[in-house]
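Residue-level listing of the chains:
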Amino acid sequence: MRVLNEEPMSVSDLCAQLHITQGAVSQAVKLMEQDGLVARVPTTDSRSRSVVLTNKGKNLRSKLIEQWRRRTDAIWELEQEIQAPLRTILEDAIEALEDRGFADRLSQKYRGDE
């Protein structure tokens, strides 16, 4: 819901924006569709569909925006308190884990491959 706005988006575009797998996006879209928050709409290419917020989804998104802003403000306060760029650290950790997952890293330690 965070990345969906007025324009329909393909599942591929959602994956790219969110940095998560197509399976995860498809599952979330399916659940949101069941709840009436999104709808799938035809694209110019009749073989594919895009995802768009319904009116119910738009109403919920507008309420969530304020919640997201408050959380971002709280994270900023925490970053100031601990004097560390928490969001940057998390983004770097996500990028590193995308390159090589934690399960692989842990498996390597159990095998003794250093």
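The shown structure was predicted, so the numbers you read here are calculated from the model rather than taken from an experiment. (Residues numbered from 1 in each chain as written. Predicted model: local features only at pLDDT ≥ 70, side-chain atom pairs only at ≥ 80, totals over all residues. Heavy atoms only, no water.)

Trainee: Outline a nonpolar patch on the surface, supporting the account with residue identities and numerical values.
Mentor: Together, L97, F102, L106 and Y110 make up a nonpolar patch on the protein surface, roughly 480 Å² of accessible area in all. Among the elements that take part in the nonpolar patch, helix α5 (residues 102–111) stands out by supplying 3 residues, more than any other. For L106, the position within the fold is in helix α5. (Patch = residues over 30% accessible without salt bridge, like charges linked within 9 Å, V, L, I, M, F, W, Y side chains within 5 Å. Areas by Shrake-Rupley, 256 points an atom, 1.4 Å probe, with all protein chains shown as cover. Salt bridge = Lys/Arg side-chain N within 4 Å of Asp/Glu carboxyl O. Helix = DSSP H or I, 4+ residues; strand = E, 2+ residues; numbered from the N terminus.)

Trainee: So what's going on with the packing of helix α1 (residues 11–18) against helix α2 (residues 22–34)? Which residues, and what values?
Mentor: One can describe the packing of α1 onto α2 by two numbers: an axis separation of 9 Å at closest approach and a directional angle of 115°. Classified by the interaxial angle, the pair formed by α1 and α2 is roughly perpendicular. At the point where α1 passes α2, the crossing takes the right-handed sense. Note on element contacts: α2 touches α1 through Q22, V25, S26 and V29, opposite V11, L14, C15 and L18. Tallied by class, the residues present in the contact of α1 with α2 amount to 6 nonpolar, 2 polar and no charged. (Axes fitted to C-alpha atoms, helices over the stretch in contact; angles between N-to-C directions. Parallel < 35°, antiparallel > 145°, perpendicular 65-115°, else oblique. Left-handed = near helix turned anticlockwise from the far one by under 90°. Contact = heavy atoms within 4.5 Å. Nonpolar A, V, L, I, M, F, W, Y, C, P; charged D, E, K, R; others polar.)

Trainee: So what's going on with the pairing of strand β2 (residues 49–53)? Residues and values would help.
Mentor: Along β2, 4 of the 5 residues are buried, which leaves the element largely enclosed by surrounding structure. Connecting the antiparallel pair strand β1 (residues 38–42) and β2 is a turn made up of 6 residues. (Buried < 20%, exposed > 50% of the residue type's maximum accessible area, 1.4 Å probe, protein only. Pairing = 2+ DSSP bridges.)

Trainee: For the pattern of salt bridges, give the residues involved together with the corresponding values.
Mentor: Applying the stated criterion to the full structure yields 6 salt bridges. A salt bridge links E66 to R70; the shortest N-O distance between them is 3.1 Å. Of this pair, E66 and R70 are both found in helix α3 (residues 55–82), 4 residues apart, which corresponds to roughly one turn of the helix. On the accessibility criterion, E66 (29% relative accessible area) is partly exposed. Owing to a relative accessible area of 48%, R70 belongs among the partly exposed residues under this scheme. When salt bridges that share partners are traced, they join E66, R69, R70 and D73 into one network.

Trainee: Can you tell me about the pairing of β1, naming the residues and giving the values?
Mentor: Note: β1 against β2, 5 bridges, orientation antiparallel. Across the sheet, A39 pairs through a bridge with V52, a residue of β2.

Trainee: A description of the nonpolar core should follow, citing residues and the corresponding values.
Mentor: With 14 residues, the main nonpolar core has L4, L14, V25, V29, V38 and V51 as its most contacted residues. Of all elements in the fold, only α1, α2 and β2 reach the threshold of two or more residues within this core. Non-local contacts of L14, meaning those with residues more than four positions away in its chain, are made with V3, L4, M9, V25, V29 and V51. (Core = buried A, V, L, I, M, F, W, Y, C linked by side-chain atoms within 4.5 Å.)

Trainee: Please set out the environment of V51 residue by residue, giving values where relevant.
Mentor: Residue position: V51 is located in strand β2. Of the residues examined, V51 reaches a relative accessible area of 1% and is grouped as buried. In this structure the C-alpha to C-alpha distance between V51 and L4, which are 47 residues apart in sequence, comes to 8.1 Å. Once you skip the residues sitting within four places of it in the chain, V51 turns out to touch L4, E7, P8, M9, V11, L14, V29, V38 and A39.

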